[in-house]
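Remarks on the overall topology
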Amino acid sequence: MSEKHKVAILGSGNWGSTVARIVGSNVRDRTEVFDPEVRIWVYEELIGGRKLTEIINSEHENVKYLPGKELPENVIAIPDPETAIEGANILVFVLPHQFVRSLCGKLAGKIRENAFAVSLIKGVDFDEKGVILISDVISRELGVECSVLMGANIANEIADEQFSEATIGYRNREHARLLKHIFQTPYFRIAGAPDVPGVEICGALKNIVALGAGFCDGLGYGNNTKAAVIRLGLIEMIRFAKKFFKDVQSMTFLQSSGVADLITTCYGGRNRRCAEAFARSGGKKSFEELENELLNGQKLQGTLTAKEIYEILQRQNLLQEFPFFEVIYAIAYQGRSVEGFLQQLSEKELSLEGDID
Ligand SMILES: NC(=O)c1ccc[n+]([C@@H]2O[C@H](COP(=O)([O-])OP(=O)(O)OC[C@H]3O[C@@H](n4cnc5c(N)ncnc54)[C@H](O)[C@@H]3O)[C@@H](O)[C@H]2O)c1
């Protein structure tokens, strides 16, 4: 077995492929520390009759999820997840959160000794007791330590090498240091925060707020209204994080993974885009239809997260404390009108914050 660190990437969508460009290039530049081969697990599909893995390995481009961007030749697409992680001790998870458990089921017991993971996944899991972080799912299922990397990171902009920042949430500082080496570039700057739950929960919840921002755009409102949506959403993100994770640090909300990710997602990003189209259709087109129409196989995470969070809050009788999350769910899933949602929301939120009447 190689003494060098070896990276495997699990997931090859828009973000997974962007990250593969960075990681492939970084490890190739530091072969004294890293094995230069980076295997990437690709959920196999046919594109014009050809396997996506074959296209990636011959043309070095993920033509479906990151067209027009070259992948380094040391990034090798593998259709079988077990083969993809062979010999790897750094496992990068970057797939839509609904597929994590089934993937972990295939990998359990096949992990290299002393391996550790990092999750770039924005979403949550839950059980009857409440919310479960995706990093904890990975940790428990595979018996590995799991850090997280989140931030204001719209994949296509990073693939264009536009300057961005990200935050690594860690428990093990040495892991964070190695992760910084594989992810950081002059245009992608990484900071650390010893607060995994704070970093991760912001990354998941901001996708719900982005739906509110999209509704606001679809209704034709301007910048002041969007700022109100972002503020009201941020309050609820913080309230939720502090309620469910006692040790969350306030500074984490000011990291790239906090307020910056929230802002970028409310201006760009697929959740905002689909929510805008939803509002423009007067709620007549379902999110499922819009995902199929607008996203070319990419997955919408905000609506699923809105549903999961709603169910956690409902079960714990906490919906009253989270009017923003409640209203987004009701519009997306219960046919409540999107018109006037902000007035109702703002009244409820003000009464929680302390009205002056
Ligand atoms: N795209 C971004 O800008 C961005 C930025 C930061 C974080 N993220 C997060 O990264 C994660 C991955 O997103 P993405 O943008 O790379 O993916 P994506 O939405 O672009 O693509 C969907 C991926 O899911 C795969 N898939 C489809 N069905 C599957 C199945 N049954 N089992 C396993 N995989 C299946 C597809 O092959 C594809 O690779 C998400 O949690 C997302 O929130 C995305």
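Residues numbered from 1 in each chain as written. Predicted model: local features only at pLDDT ≥ 70, side-chain atom pairs only at ≥ 80, totals over all residues. Heavy atoms only, no water.

The domain boundaries assigned to the protein chain delineate domain 1 (5–194) and domain 2 (202–350). When each unit is reduced to the centre of its C-alpha atoms, the spacing between domain 1 and domain 2 is 26 Å. Every contact between the two is made by 29 residues of domain 1 and, on the other side, 30 residues of domain 2. Surface buried jointly by domain 1 and domain 2 totals about 2,300 Å² across both partners, of which 60% is contributed by carbon and sulfur atoms. (Domains from an automatic or database assignment. Contact = heavy atoms within 4.5 Å. Buried area = accessible area lost by both parts, 1.4 Å probe.)

Turning next to the side chain of Asn 26. Mapping Asn 26 onto the fold places it in helix H1 (residues 14–28). Separated by 3.5 Å, the side chain of Asn 26 and the backbone oxygen of His 181 make a polar contact. Residue contacts for Asn 26: discarding those within four places in its chain leaves His 181, Ile 182, Phe 183, Gln 184 and Thr 185. (Helix = DSSP H or I, 4+ residues; strand = E, 2+ residues; numbered from the N terminus. Polar contact = N/O pair within 3.5 Å; in protein donor to acceptor, adjacent residues only side chain to side chain.)

Let us now look at the pairing of strand S9 (residues 130–133). Relative to S9, strand S8 (residues 124–127) runs antiparallel, the two sharing four bridges. Bridged to Asp 127 within S9 is Gly 130. Counted between consecutive antiparallel strands, the loop separating S8 from S9 contains two residues. (Pairing = 2+ DSSP bridges.)

Residues annotated in UniProt with the feature "domain: Glycerol-3-phosphate dehydrogenase NAD-dependent C-terminal" (unreviewed entry) correspond here to residues 195–341. Across residues 195–341 one finds 69% helix and 0% strand; the C-alpha atoms that close the span lie 33 Å apart. (UniProt positions renumbered as here; feature names shortened; annotations may be inferred.)

Tallied over the entire structure, the rule returns zero disulfides. Here Cys 104 stays unpaired: no disulfide links it, and the sulfur of Cys 146, its closest cysteine neighbor, is 8.7 Å away. Using a relative accessible area of 0% as the deciding quantity, one classes Cys 104 as buried. The thiol sulfur of Cys 274 is not disulfide-bonded, and the nearest other cysteine sulfur, from Cys 266, lies at 14 Å. Under the relative-accessibility criterion, Cys 274 is labelled buried at 0%. (Disulfide = S-S within 2.5 Å. Buried < 20%, exposed > 50% of the residue type's maximum accessible area, 1.4 Å probe, protein only.)

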